Amino acid sequence: MASGVKPRVKVPKKAAAGDVITIKTLISHKMESGQRKDKEGNVIPRSIINRFTCDFNGENVVDITLEPAISTNPFFEFEAKVPEAGEFQFTWYDDDGSVYEATKSIAIG
Amino acid sequence: MKYVTGAALASLLTTSLAFADPVDDTLILNEETDMITRTAAPAHLSDTLDEVMSGWLFRGTETRAMQADDFDNPGMIFVEQAQDSWMIAEGTEGKSCSSCHNDMDSMAGVKATYPKWNEEAGEVRTLQMQMNNCRTERMGAEAWGYDKTPAINMEAALSAVSRGLPVNVAIDGPAQSAWELGKELYYTRTGQLELSCANCHEDSYGMMIRADHLSQGQINGFPVYRLKNTKLNGVHSRFKGCVRDTRAETYKPGSAEFVALELYVASRGNGLSVEGPSIRN
Amino acid sequence: MELTRRNAILLGASAVLASGLPALASTVTDDAIATFTGGAAVGEGDLKLTAPEIAENGNTVPIEVASSTAVEIMVLATGNPTPSVATFKFGSMAATRNASTRIRLAGTQDVVAIAKLEDGSFVQASSAVKVTIGGCGG
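Quick notes on the rules
Residues numbered from 1 in each chain as written. Chains lettered and ligands numbered in written order. Predicted model: local features only at pLDDT ≥ 70, side-chain atom pairs only at ≥ 80, totals over all residues. Heavy atoms only, no water. Helix = DSSP H or I, 4+ residues; strand = E, 2+ residues; numbered from the N terminus. Buried < 20%, exposed > 50% of the residue type's maximum accessible area, 1.4 Å probe, protein only. Contact = heavy atoms within 4.5 Å. Areas by Shrake-Rupley, 256 points an atom, 1.4 Å probe, with all protein chains shown as cover. Lys, Arg positive; Asp, Glu negative; His and termini not counted. Charge placed at Lys NZ, Arg CZ, Asp CG, Glu CD. Salt bridge = Lys/Arg side-chain N within 4 Å of Asp/Glu carboxyl O. Buried area = accessible area lost by both parts, 1.4 Å probe. Nonpolar A, V, L, I, M, F, W, Y, C, P; charged D, E, K, R; others polar. Phe/Tyr/Trp six-rings, centres within 6.5 Å; stacked < 30°, edge-to-face > 60°. Lys NZ or Arg CZ within 6 Å of the ring centre and 35° of its normal. Expected span 1.5 Å × (residues − 1). Axes fitted to C-alpha atoms, helices over the stretch in contact; angles between N-to-C directions. Parallel < 35°, antiparallel > 145°, perpendicular 65-115°, else oblique. Polar contact = N/O pair within 3.5 Å; in protein donor to acceptor, adjacent residues only side chain to side chain. Pairing = 2+ DSSP bridges.

## Quick notes on the overall build of chain B
Phase 1 of the analysis: A count of helical and extended segments in chain B gives 10 helices and 11 strands.
Phase 2 of the analysis: Scored against the burial criterion, the 281 residues of chain B give a buried share of 50%.
Phase 3 of the analysis: Sequence-distant contacts, at least 24 apart, represent 67% of the contacts inside chain B between residues at least 6 apart.
Phase 4 of the analysis: Of the roughly 12,600 Å² of accessible surface on chain B, a fraction of 51% belongs to carbon and sulfur atoms.
Phase 5 of the analysis: Looking at charge distribution, chain B has the averaged site of its 25 positive side-chain charges lying 7 Å from that of its 38 negative ones.

In structure tokens form, the structure reads like this:
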């Protein structure tokens, strides 16, 4: 699944110091549950993103454990504090060991 | 008339599951673009319908909301993938789509007019056929399979830049014979269940079909991201699914019959906003 | 398994049979809760779970958890083959203890959220979601 996985994140470009901002993330991933069978009746092995984290300037915002019951193309929405200008770091961890990353800067003003 | 009656009845029978009338809601895309989800039926339908309605109005609250924001819309993942491939040169000529067409925004309005008569080829072409013509004739690249992932993603991307513009396919002139064929197919009963498109989508929209809402079967929202299979789906594939469910042998995606049917069904939605990629069940 | 009409009937029948053995289905959920709480009592309070009353499609059901003081929230779909859905841990830069996602539900069931609050106590919220089976659906 390491190919064709594309993260999308939505973060405001700027905020006032101390603002609360809404962050949305979406990543293209099949999230194969391990519950399905193929046409020959063989179980299709589980292949999911099992963890997602968001940090701001090295401090954690959210750390989410995903199970196979998370929908295809996992979506998350949450709120973060912005005490200062800096960078949001987003990381998705795949069952196959792949790690997908995205960063977004936010300015104060 | 039919709609007015249906709405009046539904207000009397709000708890009844027999009615699944379209909701009274407006679609504003990304809080800026007003979308036309219901409008007066085009002239050629005036004897049949008063109003044409997007399938968006027949969906649940959460599904409607998912389409109203590009970030919430998972179909846009695939639009972004196609935007990337728009820039990538392929084939013997070393050209990408952007070599001729520049930025994809320059294609705004194109989707709204397809399927469309091509004078040079002497045929009605869907957008996917035109894309493939570019690939084989101008780029020296292989044609994409009809409704296959690369083709449907690109069609969705081209649709995305036309969102908010009214569907406006031409049905007269040289396109008329294909349109007539499409109309005939629309009203022809198929399969062991002997159902035509019209039986469900013209005679019975606003009713429940098992636990689902029957829409007018408009295609202004195609390609659609379906919750059912979590990917983009083409209109020919959707036609195939419907015809199959009447227990008939179906035409193939890309066939002359489905091209004609696409033209006819698109023309039933003339005036509705282009919505693709939309979200449906 | 594709949820055909026939399978739905079979499911209904097996649900009736299974109702004689209620422990079977709930054990997995109870175990997951016990693991999360370490066996502590679970009350009600500062936790809200929002889910649609009727989900149009079980493949993609939007849910939201919200709390003022949760440090960690676990979501369980009690009617799924494996009930675990997700666990949200809120860090120092989280402005609220609210989060939304989209989940898969195998059928009509209760979705449950359990939160560990800042004071170390545990609270629970649940929401019944009806999952509809589509029309012909093409």
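## A few points about the pattern of salt bridges
Phase 1 of the analysis: Following the criterion strictly, the structure yields 20 salt bridges over all chains and no others.
Phase 2 of the analysis: Among the ionic pairs, Lys10(A) bridges to Asp69(B), the shortest N-O distance being 3.4 Å. Here Asp69(B) lies in the loop between α2 (61-68) and α3 (75-86) and Lys10(A) lies in strand β1 (residues 7-10), a pairing that spans two chains.
Phase 3 of the analysis: Under the relative-accessibility criterion, Lys10(A) is labelled partly exposed at 36%.
Phase 4 of the analysis: With its nearest N and O atoms 2.8 Å apart, the salt bridge here joins Glu32(A) to Arg36(A).

## Points about the interface of chain C and chain A
Where the parts come together, the accessible area they lose is often given as the size of the interface.
Phase 1 of the analysis: Contact residues are listed per partner, giving 26 residues for chain C and 29 residues for chain A.
Phase 2 of the analysis: For the chain C and chain A pair, buried surface summed over both sides reaches about 2,200 Å², with 50% attributable to carbon and sulfur atoms.
Phase 3 of the analysis: Applying the counting rule to chain C against chain A returns zero salt bridges.
Phase 4 of the analysis: Counting residues per element, the ones that place at least two in the side of chain C that touches chain A are β6 (84-90) and β7 (94-103) of chain C.
Phase 5 of the analysis: If one sorts the elements of the side of chain C that touches chain A by residue count, β7(C) sits on top with nine residues.
Phase 6 of the analysis: In the side of chain C that touches chain A, the residues fall into 11 nonpolar, 12 polar and three charged.

## Notes on unusual backbone geometry
Residue and element names in this part refer to chain B.
Phase 1 of the analysis: At the junction of Tyr114 and Pro115, the peptide bond is cis and its omega measures out at 0 degrees in the coordinates.
Phase 2 of the analysis: As for its placement among the helices and strands, Pro115 is situated in the loop between α4 (97-101) and β5 (116-118).
Phase 3 of the analysis: Omega for the bond connecting Phe222 with Pro223 falls within 30 degrees of zero, at -5 degrees, which places this linkage in the cis form.
Phase 4 of the analysis: For Pro223, the position within the fold is in the loop between β8 (212-213) and β9 (224-226).
Phase 5 of the analysis: The backbone of Glu31 shows a phi angle near 55 degrees, a positive value even though the residue is not glycine.
Phase 6 of the analysis: Note that Glu31 resides in the loop between β1 (28-29) and β2 (33-34).
Phase 7 of the analysis: Among the residues examined, Glu31 registers a relative accessible area of 78% and is labelled exposed.

## Some points on the packing of aromatic side chains
Phase 1 of the analysis: Taken as a whole and assessed by the stated rule, the structure comprises 16 aromatic pairs over all chains.
Phase 2 of the analysis: Ring geometry for Phe56(A) and Phe88(A): centres 4.5 Å apart, planes at 40 degrees, overall tilted. On the criterion of sequence distance, the pair formed by Phe56(A) in strand β4 (residues 49-56) and Phe88(A) in strand β7 (residues 86-94) is long-range, its members being 32 residues apart. When sorted by exposure, Phe56(A) lands in the same class as Phe88(A), which is buried.
Phase 3 of the analysis: Every member of this aromatic cluster is reached through a ring pair, and the members are Phe52(A), Phe56(A), Phe76(A), Phe78(A), Phe88(A), Phe90(A), Trp92(A) and Phe88(C).
Phase 4 of the analysis: Over the ring of Trp56(B) we find Arg64(B); its NZ or CZ atom is 5.6 Å from the centre of that ring.
Phase 5 of the analysis: The aromatic ring of Phe75(A) is capped on one face by Arg102(C), whose charged end is 4.0 Å from the ring centroid.

## Focus: helix α5 (residues 127-139) of chain B
Residues and elements named next belong to chain B.
Phase 1 of the analysis: Spanning 13 residues, α5 covers 17 Å between terminal C-alpha atoms, matching the ideal 18 Å at 1.5 Å per step.
Phase 2 of the analysis: When α5 is considered as a whole, its buried residues turn out to be Leu127, Gln128, Gln130, Met131, Asn132, Cys134, Arg135 and Met139.
Phase 3 of the analysis: Looking at the buried residues of α5, the elements they touch are α4, β5, β6 (123-125) and α6 (149-160).
Phase 4 of the analysis: Just past α5, the residue Gly140 takes up positive phi, approximately 65 degrees.

## Description of the packing of helix α7 (residues 176-187) of chain B against helix α10 (residues 256-268) of chain B
All names here are of chain B.
Phase 1 of the analysis: Direction vectors running N to C along α7 and α10 enclose 85 degrees, while the axes themselves pass 7 Å from each other. As summarised for this structure, α7 and α10 are arranged roughly perpendicular, according to the angle between their axes. On α10, the residues that touch Ala178, Trp179, Leu181, Gly182, Lys183, Leu185, Tyr186 and Tyr187 of α7 are Ala256, Glu257, Ala260, Leu261, Leu263, Tyr264, Val265, Ser267 and Arg268.

## Some points on the interface of chain A and chain B
Phase 1 of the analysis: At the interface, 13 residues of chain A touch 14 residues of chain B.
Phase 2 of the analysis: Summed over both sides, the interface of chain A with chain B buries roughly 1,100 Å², with 53% coming from carbon and sulfur.
Phase 3 of the analysis: Ranking the residues of chain A by area buried against chain B places Lys6(A), Arg8(A) and Asn73(A) at the top, with a combined share of 51%.
Phase 4 of the analysis: Run the count over chain A and chain B and you get five salt bridges.
Phase 5 of the analysis: Here Glu80(B) makes a salt bridge to Arg8(A), at a shortest N to O gap of 3.0 Å.
Phase 6 of the analysis: At the junction of chain A with chain B, the criterion picks out seven residue pairs in polar contact (both at pLDDT 80 or more).
Phase 7 of the analysis: Ranked by residue count, the leading element in the side of chain A that touches chain B is strand β3 (residues 19-27) of chain A, at four residues.

## Quick word on the pairing of strand β6 (residues 75-82) of chain A
Phase 1 of the analysis: Relative to β6(A), β3(A) runs antiparallel, the two being bridged by eight bridges. Each residue of the ladder has a partner; that of Thr22(A), found in β6(A), is Glu79(A).
Phase 2 of the analysis: Direction of pairing for β6(A) relative to β7(C): antiparallel, over a ladder of four bridges. Paired with Phe78(A) across the two strands is Ala99(C), which belongs to β7(C).

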